[in-house]
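Single-letter residue listing:
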Amino acid sequence: MGNTDYNEAVMDHFRNPRNMGELKDADAEATVGNPSCGDVMRIMIKVSDDKIADIKFQTMGCAAAIATSSMATELAKGKSLDEAEKISNKDVSLALGELPPIKEHCSNLAADALRLAIANFRKNKK
Ligand code: FES
């Protein structure tokens, strides 16, 4: 396997992204960009009982950015805000069976956008 070859799980999430699209009645959202490549990800969350009841993403980015967005939303869905907030980029990449080393940074987008969306939700509530 070369440096940029993706494993099956990554390819599956890239080809069939889960939770992709727009969440019309979102309670909060966040958009995060990766300055090194210019890729951008937007996460929208619907919260009920302090849990992530629904979550969707829109990502303009590389295959790894799309696959990690998809996996991050899968990991976060149904979790409490406190739990979801702790999802790290490493959790996302491990859940995908690891990314090629030069694509590891791409998983930061998803984890950062998720954390920021939760922070925005808490801010809006106050
Ligand atoms: Fe930009 Fe992957 S190259 S997020």
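Residues numbered from 1 in each chain as written. Predicted model: local features only at pLDDT ≥ 70, side-chain atom pairs only at ≥ 80, totals over all residues. Heavy atoms only, no water.

J.: What's the story with the pattern of salt bridges in this structure? I'm lost.
T.: Side chains that carry opposite charge are capable of pairing whenever their charged atoms lie near each other. Here the structure, examined in full by the defined rule, presents twelve salt bridges. The salt bridge partner of lysine 125 is aspartate 50, with a shortest N-O separation of 4.0 Å. Taken together, the residues span a long stretch of sequence, with lysine 125 in helix H5 (residues 106-125) and aspartate 50 in the loop between strand E2 (40-48) and strand E3 (51-60) at a distance of 75 residues. One salt bridge connects arginine 122 with aspartate 82, and the closest N-O pair in it is separated by 2.7 Å. Taken together, the residues arginine 122 in helix H5 and aspartate 82 in helix H3 (residues 81-85) connect sequence positions 40 residues apart. You can call arginine 122 partly exposed: its relative accessible area is 26%. Judged by its relative accessible area of 46%, aspartate 82 falls in the partly exposed class. Taken together, the shared-partner salt bridges in this structure form one network comprising Glu22, Lys24, Glu29 and Arg42. (Salt bridge = Lys/Arg side-chain N within 4 Å of Asp/Glu carboxyl O. Helix = DSSP H or I, 4+ residues; strand = E, 2+ residues; numbered from the N terminus. Buried < 20%, exposed > 50% of the residue type's maximum accessible area, 1.4 Å probe, protein only.)

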